[in-house]
Amino acid sequence: WYQRRVVITAGGNFNSGVSVLQLTLTEEREGDFKCAYGDKESTDGMDVVVLNRTFVPTEKTLYAEQNQTITFEITMERIDGINEDPQIKTPSSTFKTIPEGGETYSVTANFSEQDAKTIIFELQYKIGDKFVNVLKDDMYTKTYEVTLKKRVVILDPPTYGYYVTNGSKVTITCTFNAGLDGLTWKKNDQTSASDNNILETDQAGVYTCSNSEFSSQSVSIHSIGIDESKFTSTTIKEGGSHTFEVKFSKLPASFTKATIKWTDVDDVTEDISNSGLTFSKDVTDGKEYSLSIIDQDGISLFDKSVTLQIVSVTIGNDPATEKIVVGGTSLTITCEVKSVPKSVGVKFSTVKWVEDATEKETQNDVSETTYVIPLNDKDSLINLDKIKCDGTVVGDYNGYSEQIPKMYKYMDETPLLAYYLNDPVSDDIYVGETLSVKCGLYKYIEGSGPPTFKLCKKIDGKDDDCDLSATGDANTPDPSATLTKSDLKAEDSGSYYCRYEGDGGKPFDFKEFQLNVYTFETSPTTLISNTIEGKTLLCSTTNLNAILIWKSPDGAEANADDESTETMKRFKYTLTSGVQNGDIFTCHLMKDGKEMKDKTVEIISGFGVDVERNGKRYGYVGDDVSITCKVTGLSDNDVLINEKPTWTLGGASFTDGTIGMFNNGASILRLSLKDSHKGEFKCSYGDTDSTNGMDVNILKYSFDPKDTTLYGKQGDSITFTITMDSITENTGSDPMVSLPSGKKKKVPTATLR
């Protein structure tokens, strides 16, 4: 499509040979329109004429006062000779022609029934015959709909009672729901009360809001007397009461009844005496109270809220508990000032902690204070019932300030006390030693059954190990029990606590303590060697706070090498020449300048070892055989009483069998012979090997048939075949077999049948 040879847009697709261009008419769309397709262009075109029309006023919503006249002006452009005269239909007439200069139509606002009404205008524009075939309809109709609303005054606040009391002021803002600027207030005597739409006055009277075009209804402001001196937010101490009161005087003569509403009380309608009126309420609960008084016309005479704040001081354990653990712990007592309802303004202006009439601590401007008492033993509790929190409390309202002392009621707050009678880990504990824990109760209820104590170890991810238990005496107010764990190992280290399970209630756990079971070792425990020089003695402990010192047999401190790691203290001493058999070296464990423990290493040297009754030994598989290793050259064989030798078979280490400890210098190897035991056995002790050995030979034998039960008929012959190895070196008798007949027979080198 083209408008004045300018492409404007594409039209719709061809449908049955026709394509339609749809337009929204604007002034720019006046002119000749033509269409083209491919390289073809229409010969004729369509000349579009945009007709002008006006409708004044243009607002869809108009505001008017009662009986105000609203004038509408309507014009429509026409084309001479082409179209008929435009028509208009008003709310009060049928269609009529709009003259050349336009039409004027007036409406008088009448809001007797409702505050808004709708006015509808219909405009018709009939097209002549020339265009009938082009346009879908030959009648063009335009509708104008106008809403006419009543202009009203808006007063803010709209429901507040317009009263001035005791020199107070009332503020009223005057606006309208539409239009009208330049509003001001005047008094009923036409004197100016404000130069804008806001009235602020302390004078009673009748006032009107208006401008040059409009005046609102009158507003009456009454002057009454109200005594609110006893209707103010107040702070009192817990346990007290208060009365809120409002008094009225100089009430308007028109007031005859009022609706009174107190917080949490149903509305009450009462007669009002013009001479005066008093409203009062006795209250004891800390909260907000409101009083609303509305006259019979719905005007608020009084509507205010006040707060009764109740303050109290509390003192007690923090946190409150039925049982307290003593022993390296402390008791925290908290003194706090509170209020209902809660307010941040309540506090101690000054608060003192007093113990047995002696001032201990003072703080200022706090709402909470704490006092910490170390609990090392039962004697720490002597003054617990003589502790006082003495503070001056200030509240939020009426300058409240009052001194409120509060005694700590220990006997009421702490019915049971649990404590350790000893410090279980005051000293370092080492492997092999014993842990002793003494658990006790204070203020136990006598006769309520024997209390049970358990020693528990905490286990991560599992139930704690509480296997150790002991029972205390039920007939004493201070029962206790001692729990011991003996022969401690390094893996026994961990967190422990005592548990009380005596009164059938929920178990109560004492304070945890950490047990560290330290190692303290020397390696070797006895040095057995005929070669001493260059050998090393090692002393170690897992107690990183300890100091290790090696001393020689004469008591002199030895020069040792520090080989400590992050987890262990280690000191190595290298032996030199001159060390003799029987010398004793000592490792001393020191802490805080004191010797705590020591361990000794004895030197054993100048000895020999040999296999007793060396030579050859014969036996069958399963036979029990004993071979003895003998130490020689020691003046005191008892030094080896907890030692044992090592054995070799055919030069390889041998551990099969049972090796006995040295007894009077002799150790016995006991064997149940196997085929693998064939060969020479030798023993060693320290770095010394036996010169001789014992050559063990395994003898073979057979017995056929091997079945232990045989079957045969009467008279059958059964043949048994027995073979036994003979010992060529043996000078004794040949092997023998005992027959069922009781006779014995030699077993020849050949098989016996």
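No experiment lies behind these values; they were computed from the predicted model shown.

Draft legend 1. The overall build of the protein chain, seen in detail. On a plain count of helices and strands, the protein chain comes out with one helix and 67 strands. Here the protein chain holds 753 residues, and 36% of them are scored as buried. For the protein chain, long-range pairs separated by at least 24 residues make up 58% of all intrachain contacts whose partners lie at least 6 apart in sequence. Accessible surface, the protein chain: about 43300 Å² in total, of which carbon and sulfur atoms supply 45%.

Draft legend 2. Looking closely at the sheet that holds strand S34 (residues 387–394). What the four strands build is an open sheet, ordered S32-S31-S34-S35; its pairing is antiparallel. Two strands lie at the open edges of the sheet, namely strand S32 (358–366) and strand S35 (401–407), each paired on one side alone. The mean angle between the axes of side-by-side strands here comes to 15 degrees, regardless of whether they run parallel or antiparallel. Relative to S34, strand S31 (residues 347–355) is paired through eight bridges, and the arrangement is antiparallel. By the bridge assignment, Lys352 is partnered in S34 with Asp390.

Draft legend 3. Summary view of the nonpolar core. By size, the foremost hydrophobic cluster in this structure holds 25 residues, and its most contacted members are Phe607, Ile627, Trp647, Phe681 and Tyr685. Breaking this core down by element, the ones donating at least two residues are strand S54 (608–611), strand S56 (624–632), strand S57 (646–649), strand S60 (666–672), strand S61 (679–685) and strand S63 (694–699). Top element by residues in this core is S56. It accounts for four residues. Apart from residues no more than four positions distant in its own chain, Ile627 is found in contact with Val611, Trp647, Ser667, Ile668, Leu669, Leu671, Phe681, Met694 and Val696.

Draft legend 4. Quick look at the packing of aromatic side chains. Counting across every chain of the model gives 25 aromatic pairs. Ring geometry for Phe55 versus Tyr144: centroids 4.2 Å apart, planes at 5 degrees, classification stacked. A residue pair is termed long-range when its members are at least 10 positions apart, and Phe55 in strand S7 (residues 53–56) and Tyr144 in strand S14 (residues 139–150) qualify at 89 residues. As far as burial versus exposure is concerned, Phe55 and Tyr144 are alike and both buried. With a centroid separation of 5.9 Å and 50 degrees between ring planes, the pair formed by Phe244 and Tyr289 is classed as tilted. On the criterion of sequence distance, the pair formed by Phe244 in strand S23 (residues 242–249) and Tyr289 in strand S27 (residues 287–295) is long-range, its members being 45 residues apart. With a relative accessible area of 0%, Phe244 lands in the buried category. Clustering of aromatic rings is evident, with ring pairs tying together Phe231, Phe244, Phe248, Trp262, Phe279, Tyr289 and Phe302.

Draft legend 5. Structural view of unusual backbone geometry. Of note, the bond from Ser523 into Pro524 is cis; its omega dihedral lies within 30 degrees of zero at 0 degrees. Summarising the element assignment, Pro524 is placed in the loop between strand S46 (520–523) and strand S47 (526–528). Looking along the chain, the bond that leaves Asp704 and enters Pro705 is cis, with omega of -5 degrees. Relative to the helices and strands, Pro705 resides in the loop between strand S64 (701–704) and strand S65 (721–724). Located in the positive-phi region is Asn398, a residue other than glycine, with phi close to 60 degrees. In this fold, Asn398 is placed in the loop between S34 and S35. In this structure Asn398 comes out as exposed when scored by relative accessible area, which is 53%.

Draft legend 6. Structural view of the state of the cysteines. By the definition in use, this model includes six disulfides. Between Cys335 and Cys389 runs a disulfide, and the two sulfur atoms are separated by 2.0 Å. An S-S torsion of about -75 degrees defines the bridge between Cys335 and Cys389 as left-handed. With Cys335 in strand S30 (residues 329–340) and Cys389 in strand S34, the pair connects residues that are 54 residues apart, well separated along the chain.

Draft legend 7. Region of the structure containing the pattern of salt bridges. Tallied over the full model, the rule gives 20 salt bridges. Between Asp365 and Lys347 there is a salt bridge, and its shortest N-O distance comes to 3.4 Å. You can see Asp365 sitting in strand S32 and its partner Lys347 sitting in strand S31, a full 18 residues away along the chain. You can call Lys347 partly exposed: its relative accessible area is 29%.

Draft legend 8. Looking closely at a negative patch on the surface. There is a patch of like negative charges on the surface, built from Glu27, Glu28, Glu30, Asp32, Asp47 and Glu77. Here Glu77 shows up in the loop between strand S9 (69–76) and strand S10 (87–89).

Draft legend 9. Structural context of the confidence of the model for the protein chain. When pLDDT is averaged along the protein chain, the result is 83; 88% of the residues meet or exceed 70. Within the model, the stretch residues 130–137 combines pLDDT values under 50 with four contacts to residues more than four positions away or in other chains.

Draft legend 10. Up close: the side chain of Asp492. If you trace the backbone, Asp492 turns up in the loop between strand S41 (480–485) and strand S42 (494–500). Of the buried charged residues, Asp492 lacks a salt bridge, with Lys485 as the closest side chain of opposite charge at 4.2 Å. Only 2.8 Å separates the side chain of Asp492 from the backbone nitrogen of Lys489, close enough to count as a polar contact. If near-sequence neighbours (up to four positions away) are discounted, Asp492 is found in contact with Lys457, Lys485, Asp487, Leu515 and Val517.

Draft legend 11. Broad picture of the sheet that holds S9. With antiparallel pairing, three strands are arranged side by side in an open sheet as S7-S9-S12. Each edge of the open sheet carries a strand with a single partner, namely S7 and strand S12 (103–108). Going across the sheet, the axis of each strand differs from the next one's by a mean of 15 degrees, ignoring polarity. Both S7 and S9 contribute to a ladder of four bridges, which runs antiparallel. Among the inter-strand pairings, Phe55 is bridged to a residue of S9, identified as Ile74.

Draft legend 12. Quick peek at the environment of Ile74. Mapped onto the secondary structure, Ile74 falls in strand S9. Residues Ile74 and Leu123, 49 residues apart in the sequence, show an inter-C-alpha distance of 9.3 Å. Look past the residues within four positions of Ile74 in its chain and what remains in contact with it is Thr54, Phe55, Ile88, Ile98, Gly102, Glu103 and Leu123.

Draft legend 13. A look at the environment of Val393. Its place among the elements puts Val393 in strand S34. For the pair formed by Val393 and Val351, sequence separation is 42 residues and the distance between their alpha carbons is 8.5 Å. The contacts of Val393, once residues within four sequence positions are left out, are Val311, Val313, Val337, Val346, Lys347, Phe348, Tyr400, Ser401, Glu402 and Ile404.

Draft legend 14. Representation of a nonpolar patch on the surface in the model. A grouping of Phe703, Leu710, Ile718 and Phe720 is seen on the molecular surface, where their side chains present a nonpolar patch of about 350 Å² in accessible area. Following the sequence through the fold, Ile718 ends up in the loop between S64 and S65.

Draft legend 15. The arrangement of the pairing of S27 in detail. Sheet topology places strand S24 (residues 257–262) next to S27; five bridges connect them, and they run antiparallel. Note on S27: the bridge partner recorded for Thr259 is Ile294.

Draft legend 16. Local environment of the pairing of strand S51 (residues 569–574). Direction of pairing for strand S48 (residues 536–541) relative to S51: antiparallel, over a ladder of six bridges. For Leu538, the partnering residue across the bridge sits in S51 and is Lys572. Two strands pair when backbone bridges link them, and strand S50 (residues 561–562) and S51 are joined in this way by two bridges, in the antiparallel orientation. By the bridge assignment, Asp562 is partnered in S51 with Phe571. Once S50 ends, the chain turns through six residues before running back antiparallel as S51.

Definitions and limits used
- Residues numbered from 1 in each chain as written.
- Predicted model: local features only at pLDDT ≥ 70, side-chain atom pairs only at ≥ 80, totals over all residues.
- Heavy atoms only, no water.
- Helix = DSSP H or I, 4+ residues; strand = E, 2+ residues; numbered from the N terminus.
- Buried < 20%, exposed > 50% of the residue type's maximum accessible area, 1.4 Å probe, protein only.
- Contact = heavy atoms within 4.5 Å.
- Areas by Shrake-Rupley, 256 points an atom, 1.4 Å probe, with all protein chains shown as cover.
- Pairing = 2+ DSSP bridges.
- Axes fitted to C-alpha atoms, helices over the stretch in contact; angles between N-to-C directions.
- Core = buried A, V, L, I, M, F, W, Y, C linked by side-chain atoms within 4.5 Å.
- Phe/Tyr/Trp six-rings, centres within 6.5 Å; stacked < 30°, edge-to-face > 60°.
- Disulfide = S-S within 2.5 Å.
- Salt bridge = Lys/Arg side-chain N within 4 Å of Asp/Glu carboxyl O.
- Patch = residues over 30% accessible without salt bridge, like charges linked within 9 Å, V, L, I, M, F, W, Y side chains within 5 Å.
- Lys, Arg positive; Asp, Glu negative; His and termini not counted.
- Charge placed at Lys NZ, Arg CZ, Asp CG, Glu CD.
- pLDDT = per-residue confidence, 0-100.
- Polar contact = N/O pair within 3.5 Å; in protein donor to acceptor, adjacent residues only side chain to side chain.

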